[in-house]
Amino acid sequence: MAEESVQVGSNGNDVGDSISAVIPGWFSEISPMWPGEAHSLKVEKILFQGKSLYQDVMVFESATYGKVLVLDGVIQLTERDECAYQEMITHLPLCSIPNPKKVLVIGGGDGGVLREVARHASVEHIDICEIDEMVVNVSKQFFPDVAVGYADSRVSLHVGDGVKFLKDVPEETYDAVIVDSSDPIGPAQELFEKPFFESVAKALRPGGVVCTQAESIWLHMHIIEDIVANCCQIFKGSVNYAWTTVPTYPRHVHYGVIGFMLCSTEGPAVDFKHPVNPIDAIEVSSKRPLKFYNSEVIDVGSHAIDMLKRPLHHRCSRLHRAAFCLPTFAKKVIDAKAK
């Protein structure tokens, strides 16, 4: 257990305003991104502490959630609940298009999204652009079950700025882009701005999809409004907002809610709410079965016997589709921006 206080500040901010501290035995996450709120985890042992070129990096063993990765004082993942985020940010978009072959991951240095993308047999190549090499190395050392994605032969790692990487990508290169970013503070700020989404749209083939981390409906509706407005101007296919629960994302302290922006480019129609590329069938014999996401297929018609005669788009999945059901207050704001 920690015997002394350890401070982890957010880059570019006054440390007094945004520190998280391991005070005798406890880690508390405090930030101006969620004023007046905090969440704490009991610390058994600090396993790693370092400062990269971009941010503070820490790993500790918690009493209840296994090992925890912290960047600039903000929890990024825990062993216990990382599946809820990694699986949803990956399979919501990839299960919405048929046979994705080339995928780009921006951020996601822990390797969890790579692990999930690699479940899709149709995928032939996966690029990942992560700005912070320390995150990659620390994840491989302390979170091998997450970083296992790096071992896949289809993966090419590019250490560098994701914004610059996308600008250099030829048009219509990818079937899907997944943006696994931290909050819009520090090195991730550009990943929430309009020029970045324009670069994403250019890099996608017609009918290609993007899924990006899009904050919490409880705390960040002003950020979500801007994201929706920008995406509606840029993506001429479909624009949708989905959400899931991740208990130890204290920045989404109200029941651990975090959202995703899902968009498609003009071309073959994409209906994000009805998966056309279910992953469950290939999971039966998997050594690493899905823990959270499922595309359990049910008939939405009145006659179940007709189900087998219908193409897949006439069926839906309970969990996949439920991710797009928004509470009234959030639906009103998002729908207004989407018009």
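Residues numbered from 1 in each chain as written. Predicted model: local features only at pLDDT ≥ 70, side-chain atom pairs only at ≥ 80, totals over all residues. Heavy atoms only, no water.

A. Here's a closer look at the side chain of Asn230. With respect to the element layout, Asn230 can be found in helix 8 (residues 221-234). When residues no more than four places from it in sequence are discounted, the contact partners of Asn230 are Phe192 and Lys194. (Helix = DSSP H or I, 4+ residues; strand = E, 2+ residues; numbered from the N terminus. Contact = heavy atoms within 4.5 Å.)

B. View of the pattern of salt bridges. Taken as a whole and assessed by the stated rule, the structure comprises ten salt bridges. We note a salt bridge from Asp152 to Arg154, for which the minimum N-O separation is 2.9 Å. For Asp175, the salt bridge goes to Arg205, with nearest N and O atoms at 2.3 Å. One end of the pair, Asp175, is in strand 11 (residues 174-180); the other, Arg205, is in strand 12 (residues 204-213), and 30 residues separate them in sequence. Arg205 shares its class with Asp175; the two are buried. (Salt bridge = Lys/Arg side-chain N within 4 Å of Asp/Glu carboxyl O. Buried < 20%, exposed > 50% of the residue type's maximum accessible area, 1.4 Å probe, protein only.)

C. Structural detail: the nonpolar core. One finds Leu92, Val117, Phe260 and Leu262 to be the most contacted residues of the largest nonpolar core, which totals 36 residues. Listed by contribution, the elements that provide at least two residues to this core are helix 2 (82-94), strand 8 (102-107), helix 3 (112-117), strand 9 (125-130), strand 11, strand 12 and strand 14 (257-264). When residues of this core are assigned to their parent elements, the largest contribution, six residues, is made by helix 2. Setting aside its immediate chain neighbours within four residues, Phe260 contacts Tyr85, Met88, Ile89, Leu92, Cys211, Thr212, Gln213, Ala214, Asn240, Tyr241, Ala242 and Thr244. Ile106, Tyr174, Met261 and Leu326 belong to the second-largest nonpolar core, a separate cluster that totals 35 residues. (Core = buried A, V, L, I, M, F, W, Y, C linked by side-chain atoms within 4.5 Å.)

D. Examining the confidence of the model for the protein more closely. On average, residues of the protein score 80 in pLDDT, and 78% of them reach the 70 mark or higher. Low pLDDT, under 50, characterises residues 250-254; the predicted model gives this stretch 23 contacts beyond four residues in sequence or across chains. Every residue in residues 297-316 scores below 50 in pLDDT, and together they form 28 contacts with partners more than four places removed in sequence or on other chains. (pLDDT = per-residue confidence, 0-100.)

E. The arrangement of the environment of Arg80 in detail. Inspection of the secondary structure puts Arg80 in the loop between strand 7 (74-78) and helix 2. Between the C-alpha atoms of Arg80 and Val68, which are twelve residues apart in sequence, the distance is 9.1 Å. Those residues in contact with Arg80 that sit more than four places away from it in its chain are Thr64 and Tyr65. There is a polar contact of 3.2 Å between the side chain of Arg80 and the backbone oxygen of Thr64. (Polar contact = N/O pair within 3.5 Å; in protein donor to acceptor, adjacent residues only side chain to side chain.)

F. Seen up close, the pairing of strand 6 (residues 67-71). For strand 6, the buried fraction is high: five of the five residues fall into the buried class. The alternating pattern of strand 6 places Lys67, Leu69 and Leu71 on one face and Val68 and Val70 on the opposite face, and all of these are buried. Of the pairings in the sheet, the one linking strand 5 (residues 56-62) to strand 6 comprises five bridges and is antiparallel in character. Bridge assignment links Val57 to a residue of strand 6, and that residue is Leu71. Linking strand 5 back to strand 6 in an antiparallel pair, the connection comprises four residues, with Gly66 at a positive phi of about 70°. Of the pairings in the sheet, the one linking strand 6 to strand 7 comprises four bridges and is antiparallel in character. Opposite Leu71, over in strand 7, you have Val74 as the bridge partner. Linkage of strand 6 to strand 7, two consecutive antiparallel strands, is achieved through a turn of two residues, within which Asp72 is found at a positive phi near 50°. (Pairing = 2+ DSSP bridges.)

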